[in-house]
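Residue-level structural notes
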Amino acid sequence: MRKKVIAGNWKMNNDLNQSVELIAGIKNKISSLKNNVEVIVCPPFTSLETTAALIKNTGIGLGAQNMHFEESGAFTGEISAKMLLSVGCNYVILGHSERRAIFGEPDELINLKLKKALSSGLNPIFCIGETLAERENGSTFDIVKKQVTNGLVGISSDDLKKVIIAYEPVWAIGTGKTASPAQAQEVHVYIRRLIKELYSADSAENIIIQYGGSVKPGNAAELLNQPDIDGALVGGACLEAESFAGIFTAI
Ligand code: 13P
């Protein structure tokens, strides 16, 4: 039985004071959490260390939103896996569609980042998903296949156990247009089948596949009740403690 994993991607929101306030609000609500649900917060880099101290012993996981694939060196403005570990991160979001579209990150770069995260001891939340144009021209499955296959090149089945896949259709991100539970379930089944082909039935059965794209308290239960949807990667609705908690208590 796979657990449900709810992660909040704060994106470029919340300075240090706002982060402290949001974490306090989330901690207030977390007591109602069930055993088979895991909650992860992914604040901006500048709030990671403070957040790590505030969530100590709460069971809440801590993730960053990006990292560089090199160990260290002349990469002005970049952050390494080792730096993330040193401030208490155990997760890192990689391959988010905003990184792909705005910052031009190709599958090959995301693959290097995934491998570095895994060899460093971070658990990647590996994002994939098609654009509206790709859905409309019928290439959703091809795009998902390409992103999953290229992203996971050279990753062992042992390392795959630490990877969470987040299926985030780009057209559903920040638009208020959620994929219907059936639309999301269909792609999740496809991804699981792909993992079976690339790895094994066991890997496919155990991998956590989150859905992301306009998840809110009002639609979380029906999405997360789908048999192959193992959690959510939440953007807008994770910026208020009330609505973020509304998602993990909706399960
Ligand atoms: P929204 O929940 O705001 O649609 O964002 C989803 C997302 O991009 C999470 O990574």
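Residues numbered from 1 in each chain as written. Predicted model: local features only at pLDDT ≥ 70, side-chain atom pairs only at ≥ 80, totals over all residues. Heavy atoms only, no water.

1. Observations regarding the overall build of the chain
- Per the secondary structure count, the chain includes twelve helices and eight strands.
- A compact globule built from 251 residues should have a C-alpha radius of gyration of about 18 Å, and the chain, at 17 Å, falls within 12% of that.
- The proportion of buried residues among the 251 residues of the chain is 51%.
- At a minimum sequence separation of 6, the contacts of the chain that also span at least 24 residues come to 73%. (Helix = DSSP H or I, 4+ residues; strand = E, 2+ residues; numbered from the N terminus. Rg over C-alpha atoms; globule rule 2.2 N^0.38 Å. Buried < 20%, exposed > 50% of the residue type's maximum accessible area, 1.4 Å probe, protein only. Contact = heavy atoms within 4.5 Å.)

2. Remarks on the packing of helix H1 (residues 16-29) against helix H12 (residues 241-248)
- Running from amino to carboxyl end, H1 crosses H12 at an angle of 35 degrees, the nearest separation of the two axes being 9 Å. In the packing of H1 onto H12, the handedness of the crossing is right-handed. Residues Leu-22, Gly-25, Ile-26 and Lys-29 of H1 pack against Ala-241, Glu-242, Phe-244, Ala-245 and Phe-248 of H12.
- Of the residues contributing to the contact of H1 with H12, the split by class is six nonpolar, one polar and two charged. (Axes fitted to C-alpha atoms, helices over the stretch in contact; angles between N-to-C directions. Left-handed = near helix turned anticlockwise from the far one by under 90°. Nonpolar A, V, L, I, M, F, W, Y, C, P; charged D, E, K, R; others polar.)

3. Things to note about the layout of surface pockets
- Approximately 380 Å³ is the volume found for the largest pocket.
- For the largest pocket, the lining is made up of 14 residues, of which Lys-11, Met-12, Gln-65, Arg-99 and Phe-103 are closest to its centre.
- A total of three residues in the lining of the largest pocket trace back to one element, the largest contributor, which is helix H4 (residues 97-102). (1 Å grid on protein atoms, 1.4 Å probe; cavity = no way out; pocket = protein on both sides within 12 Å on 5 of 7 lines; lining within 4 Å. Points joined across faces, edges and corners; volume = space filled by probe spheres on them.)

4. Considering the packing of aromatic side chains
- By the definition in use, this model includes three aromatic pairs.
- Between Phe-244 and Phe-248, the aromatic rings sit 5.4 Å apart at their centres with planes inclined by 90 degrees, giving edge-to-face as the arrangement. Placement of the pair is Phe-244 and Phe-248 together in helix H12, with a separation of four residues, close to one helical turn.
- Here Phe-244 falls in the buried class, since its relative accessible area comes to 1%.
- The ring of Phe-103 has Arg-99 lying over it, and the distance from NZ or CZ to the ring centre is 4.0 Å. (Phe/Tyr/Trp six-rings, centres within 6.5 Å; stacked < 30°, edge-to-face > 60°. Lys NZ or Arg CZ within 6 Å of the ring centre and 35° of its normal.)

5. Details of the site of the ligand
- The local shell around the ligand holds 13 residues, among which Lys-11, His-96, Gly-174, Ser-214 and Gly-236 are the closest.
- In this structure, an oxygen atom belonging to the ligand sits 2.8 Å away from a side-chain N or O atom of His-96.
- Separating an oxygen atom of the ligand from a backbone N or O atom of Gly-174 is a distance of 2.6 Å.
- Computed on the free molecule, the ligand has an accessible area of 310 Å², of which 95% lies beneath the protein chains in the complex. (Near = heavy atom within 4 Å. Polar contact = N/O pair within 3.5 Å; in protein donor to acceptor, adjacent residues only side chain to side chain. Areas by Shrake-Rupley, 256 points an atom, 1.4 Å probe, with all protein chains shown as cover.)

6. Some points on the environment of Leu-16
- Examined against the element boundaries, Leu-16 turns out to sit in helix H1.
- Judged by its relative accessible area of 40%, Leu-16 is partly exposed.
- As a C-alpha pair, Leu-16 and Leu-85 span 69 residues in sequence and 19 Å in three-dimensional space.

7. Details of the pairing of strand E4 (residues 91-94)
- Burial of E4 is two-sided: the residues Tyr-91 and Ile-93 facing one way and the residues Val-92 and Leu-94 facing the other way are all buried.
- Handedness of the strand E3 (residues 61-64)-helix H3 (residues 81-86)-E4 crossover: right-handed.
- Here four bridges tie E4 to strand E5 (residues 123-128), and the two strands are oriented parallel to one another. Residue pairing across strands places Tyr-91 opposite Asn-123, the latter belonging to E5. (Right-handed = clockwise from strand over helix to strand, strands pointing away. Pairing = 2+ DSSP bridges.)

8. Quick look at the packing of helix H7 (residues 140-151) against helix H9 (residues 181-198)
- Closest axis-to-axis distance for the H7/H9 pair is 11 Å, and the angle between their directions is 40 degrees. Here H9 runs oblique to H7, going by the angle between their axes. In this structure, the crossing between H7 and H9 has a hand that is right-handed. Of the residues in H9, those touching H7 at Thr-140, Phe-141, Val-144, Lys-145, Val-148 and Thr-149 are Glu-186, Val-187, Tyr-190, Ile-191, Leu-194, Ile-195 and Leu-198.
- Tallied by class, residues from the contact of H7 with H9 come to nine nonpolar, two polar and two charged. (Parallel < 35°, antiparallel > 145°, perpendicular 65-115°, else oblique.)

9. Description of H1
- For H1, which comprises 14 residues, the first-to-last C-alpha distance of 20 Å matches the rise-based estimate of 20 Å (1.5 Å per residue) to within 8%.
- Considered for burial, the residues of H1 that qualify are Ser-19, Leu-22, Ile-23, Gly-25 and Ile-26. Down the axis of H1, the smallest arc covering the buried residues is 160 degrees, so these residues share one side. Turned more than 90 degrees away from the buried face of H1, the exposed residues are Asn-17, Glu-21 and Asn-28. (Expected span 1.5 Å × (residues − 1). Arc of directions from axis to C-beta.)

10. With respect to the pairing of strand E8 (residues 231-234)
- Burial along E8 is two-sided: the residues Gly-231 and Leu-233 and Ala-232 and Val-234 are all buried.
- Sheet topology note: the strand E1 (residues 4-9)/E8 ladder contains four bridges and is parallel. Bridging from a neighbouring strand, Ile-6 pairs with Ala-232 of E8.
- Two strands pair when backbone bridges link them, and strand E7 (residues 208-212) and E8 are joined in this way by two bridges, in the parallel orientation. From the neighbouring strand, Tyr-211 faces E8, where its bridge partner is Ala-232.
- Note on the crossover from E7 through helix H11 (residues 217-224) to E8: the handedness is right-handed.

These values are about where atoms sit, not about what they do.
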